[in-house]
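Inside the fold
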Amino acid sequence: MTDAQLIPREVLFGNPARMSPALSPDGARIAFLAPRDGVLNVWAGPWREGDYRPVTDDRGRGVRAFAWAHDGRHLLWLQDRDGDENTRLYAVDPAEGTPRDLTPFPGVQARISGLSRHAPGTVLVGLNLRRRDLHDAYRIDLETGRLTEEATNEGFSRWIPDAALGAAGAVRPLPDGGSEILLREGSSWRAVHTVGPEDEATTRPIGLTADGLSLLLLSSRDSETARLLSVDTAGGKTEVRYEDPEFDVVGVGTAPFAGDAQFVLVRRERGDLEVLDPALAEDFAWLAGQAPGDLSVLTRDDADRNWLVQYNTDDGPAAYCVFDRAERRLVSLFSHLPELAEYRLARMEPFSFTARDGLAVRGYLTFPPDQERRALPAVLCVHGGPWTRDVWGFRAEPQWLANRGYLCVQVNFRGSTGYGKRFVNAGDREWGAAMQDDLHDAIAHLVAAGVVDPDRVAVYGGSYGGYAALAGAAFSPDAFRCAVAVAAPSDLRTFINSVPATWGPMLNTLHRRIGDPAVDGELLRARSPLSAVDRIRIPVLVAQGANDPRVRQEESEQVVAAMRRNGVPHEYLLFPDEGHGFVRPRNRLAFYAAAERFLSRYLGGRFEPAAGAAGAGAADGSAGRPGTLGSPAARPAGSDV
């Protein structure tokens, strides 16, 4: 092994060896995702023996997420067709191996709304059978498949189940962009926690305790950051269980049967678990000393004896272990990409700067290993959402870029979550404006520090990040050498008017945060890259899934048509069997091959030659087949806590 060794794209962006493990309720078995004939499927078996076998046989896009039912017999997963997001709920008994479609309704989207140890043979699901924009609540008996309507959706965005998997609560978005958390009383609903639009992004119910006496929720009402609250369901008294003055609480670990909060996750520069239950303090202290990296507790068995834990580092694969609490023993299972051990990986380093209006902004830098940190070519890698954030730990894209000789710059620009409500709300109606300014200010900060060559900077991203890449090419073409835009909205008016009907209850939030085409048409036009497409003169790589219901194919094709008309060097990759993100390995690899060649051509970084047709695509705008940002293989999956 040498430091200069290229990490093959197949290693970084192909299928992981094993990922997303989950412990069975009895603690004796695990299930996980692993390739079967090149497609991710669910495998299961006793973890002590390591005797695993596949229990699903998907031949298409693969299984990307699953869960154990609490009966210990069934594994559940959602699957759509070629990215159309009309997900169906499937179940399989690993002992029998015959999957069943529990929601065989064409054009209907199933959502898992709840699983409970107190109702082990049942799952609560949301189905938009009645109206495309509203998901009513149904209970499904896993033994018989019988579907029973539990509650009618009255404009709710999510359900809150009780221990028996009744639809005991719900979240209802309000016309002003706020929301209210409701509890069910017979045929009516009572609000127990209401927030205005300034707190909407930092408020989320966690669930009811098993006795139904308390509702756990995250909320920034009366606070700068999201705190863990406990609300008395009878009298409404609210207790603050945990708060941080600067960062949001983003995850909560609850007791297996009681459902009360025992620890929380706060993402500062890294992910920190804060223990609330003194009975677990020694366990967490011991686990923290056993391996490097950030600790996550993924699942726990019903007896709370065995915990499935993950250690996530920035310069190595995610490691999965079972912690036997009674024996104080940690059993190593596997890592998600053992092949990474053969290569030199880069460290992810937090950085911060002050934006032009005085706002403190944070992010991460991943430098090429063993290169002088001076006048480096850089790729500004913009996260999607935008109401999420980049986090510390192993990520395939930063490693890929650093390995090819680029400084990977990740910025948690205003509008990103995790830093309190003022920070996320500072992004309201700032697409293409202050949010974009934060990206430019990050690069200016690094240029001033001497680590970035201002003439060799690319802007790169998917979804919102794709929008930011197009906006950079259109609004500030002198700032970047080239741009890569995946699933990128190019006209904010058509984008908002064409969001999926399944987003119905959330439309007011989009209007408040981005703009309402009926009222803010001129603002949205001015913030749309398509309005300035004639200013694009840098090379642009555009990639799109043909079945994307969130950012439709027309968003890419209208800007590609304009670049073709204007003679702008560009590539356009259309993936006919993908949606919002590229899931199939051949598509991911084809996209990253094209992106790598594109970046190398314009920034001068290293390039691994593509094999066969994997480098399809051309600078004259021809469409290639097949690739993803945020794909299952791009980052180790697992629960926040």
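Residues numbered from 1 in each chain as written. Predicted model: local features only at pLDDT ≥ 70, side-chain atom pairs only at ≥ 80, totals over all residues. Heavy atoms only, no water.

1. A few points about the overall build of the protein
On a plain count of helices and strands, the protein comes out with eleven helices and 36 strands. Its C-alpha atoms give the protein a radius of gyration of 24 Å, within 12% of the compact-globule value 26 Å for 641 residues. Per-residue burial for the protein yields a buried fraction of 59% across its 641 residues. Accessible surface for the protein amounts to roughly 23400 Å². Of this, 48% is attributable to carbon and sulfur atoms. One finds the centroid of the 71 positive side-chain charges in the protein at a distance of 2 Å from the centroid of its 86 negative side-chain charges. (Helix = DSSP H or I, 4+ residues; strand = E, 2+ residues; numbered from the N terminus. Rg over C-alpha atoms; globule rule 2.2 N^0.38 Å. Buried < 20%, exposed > 50% of the residue type's maximum accessible area, 1.4 Å probe, protein only. Areas by Shrake-Rupley, 256 points an atom, 1.4 Å probe, with all protein chains shown as cover. Lys, Arg positive; Asp, Glu negative; His and termini not counted. Charge placed at Lys NZ, Arg CZ, Asp CG, Glu CD.)

2. A word on empty space enclosed by the protein
Estimates place the volume of the second largest cavity at around 40 Å³. If you trace the second largest cavity, you find eleven residues lining it, with N15, L40, R61, V583 and P585 closest to the centre. Only β3 (39–46) and α11 (585–603) provide two or more residues apiece to the lining of the second largest cavity. Broken down by class, the residue content of the lining of the second largest cavity amounts to five nonpolar, four polar and two charged. (1 Å grid on protein atoms, 1.4 Å probe; cavity = no way out; pocket = protein on both sides within 12 Å on 5 of 7 lines; lining within 4 Å. Points joined across faces, edges and corners; volume = space filled by probe spheres on them. Nonpolar A, V, L, I, M, F, W, Y, C, P; charged D, E, K, R; others polar.)

3. Some details on the pattern of salt bridges
Evaluated as defined, the whole model comprises 61 salt bridges. The shortest N-O distance in the salt bridge between D133 and R131 comes to 2.7 Å. Of the residues examined, R131 reaches a relative accessible area of 40% and is grouped as partly exposed. Measuring nitrogen to oxygen at the nearest pair gives 2.9 Å for the salt bridge that ties E224 to R422. A residue pair is termed long-range when its members are at least 10 positions apart, and E224 in the loop between β18 (214–219) and β19 (227–232) and R422 in helix α4 (residues 421–425) qualify at 198 residues. Take E224: its relative accessible area is 25%, and that puts it in the partly exposed class. Where salt bridges share partners, they join D283, R300, D304, R325 and R328 into one cluster. (Salt bridge = Lys/Arg side-chain N within 4 Å of Asp/Glu carboxyl O.)

4. Here we look at the packing of aromatic side chains
This model, assessed by the stated rule, comprises 28 aromatic pairs. Measuring from ring centre to ring centre gives 6.3 Å for W387 and W431, while their planes differ by 45°; the resulting arrangement is tilted. Placement of the pair is W387 in the loop between β30 (376–382) and α3 (396–403) and W431 in the loop between α4 and α5 (434–448), with a sequence separation of 44 residues. Residue W387 is classed as partly exposed on the basis of its relative accessible area, which comes to 28%. Here the aromatic rings of F591 and Y592 are separated by 5.0 Å at their centres, their planes lie at 70°, and the arrangement is edge-to-face. Each of the two residues, F591 as well as Y592, counts as buried. (Phe/Tyr/Trp six-rings, centres within 6.5 Å; stacked < 30°, edge-to-face > 60°.)

5. With respect to the sheet that holds strand β13 (residues 158–161)
One open sheet holds the four strands; their spatial order is β13-β14-β15-β16, and the pairing between them is antiparallel. The strands lining the two open edges of the sheet, one partner per strand, are β13 and β16 (188–195). Between one strand axis and the next, the sheet turns by 25° as a mean value, whatever way the strands run. Sheet topology note: the β13/strand β14 (residues 167–173) ladder contains four bridges and is antiparallel. Following the sheet pairing, I160 is matched in β14 by G169. (Pairing = 2+ DSSP bridges. Axes fitted to C-alpha atoms, helices over the stretch in contact; angles between N-to-C directions.)

6. Details of the confidence of the model for the protein
Reading predicted coordinates in detail is not appropriate for stretches of low pLDDT. Mean pLDDT over the protein: 93, with 95% of residues reaching 70 or higher. Contacts of residues 612–641 to residues separated by more than four positions or lying in other chains number 106 contacts, the stretch itself having pLDDT below 50. (pLDDT = per-residue confidence, 0-100. Contact = heavy atoms within 4.5 Å.)

7. Considerations on helix α2 (residues 281–288)
Three or four residues apart is the spacing at which side chains of an α-helix point the same way, because the helix has 3.6 residues per turn. Buried within α2 are the following residues: D283, F284 and L287. One side of α2 carries all its buried residues, which in axial view fall inside an arc of 95°. Counted as exposed and oriented over 90 degrees from the buried face of α2: E282 and A285. (Arc of directions from axis to C-beta.)

8. What to know about the sheet that holds strand β11 (residues 134–141)
Pairing is antiparallel across the open sheet formed by four strands, whose spatial order is β9-β10-β11-β12. Looking along the sheet, the strands with just one partner apiece sit at the ends: β9 (110–114) and β12 (147–151). With strand direction ignored, the average angle separating the axes of adjacent strands in the sheet is 40°. Direction of pairing for β11 relative to β12: antiparallel, over a ladder of four bridges. When the sheet's bridge partners are listed, Y138 is paired in β12 with E149.

9. Comments concerning the nonpolar core
The nonpolar side chains of a soluble globular protein tend to be buried with one another. The biggest cluster of nonpolar side chains holds 69 residues, and the ones touching the most others in it are L380, L407, V409, V411, I536 and V540. In this structure V411 touches F351, F353, V361, R362, G363, L380, H383, D390, D438, L439 and A442, once residues within four positions along its chain are discounted. By size, the runner-up hydrophobic cluster in this structure holds 36 residues, among which are C381, F394, L401 and C482. (Core = buried A, V, L, I, M, F, W, Y, C linked by side-chain atoms within 4.5 Å.)

10. Focus: the packing of α3 against α11
At their nearest, the axes of α3 and α11 sit 12 Å apart, and the two run at 35° to each other. The way α3 lies across α11 gives a crossing that is right-handed. Contacts between α3 and α11 involve E397, W400 and L401 from the former and Y592, A595, E596 and L599 from the latter. Residue composition of the contact of α3 with α11, grouped by class: five nonpolar, no polar and two charged. (Left-handed = near helix turned anticlockwise from the far one by under 90°.)

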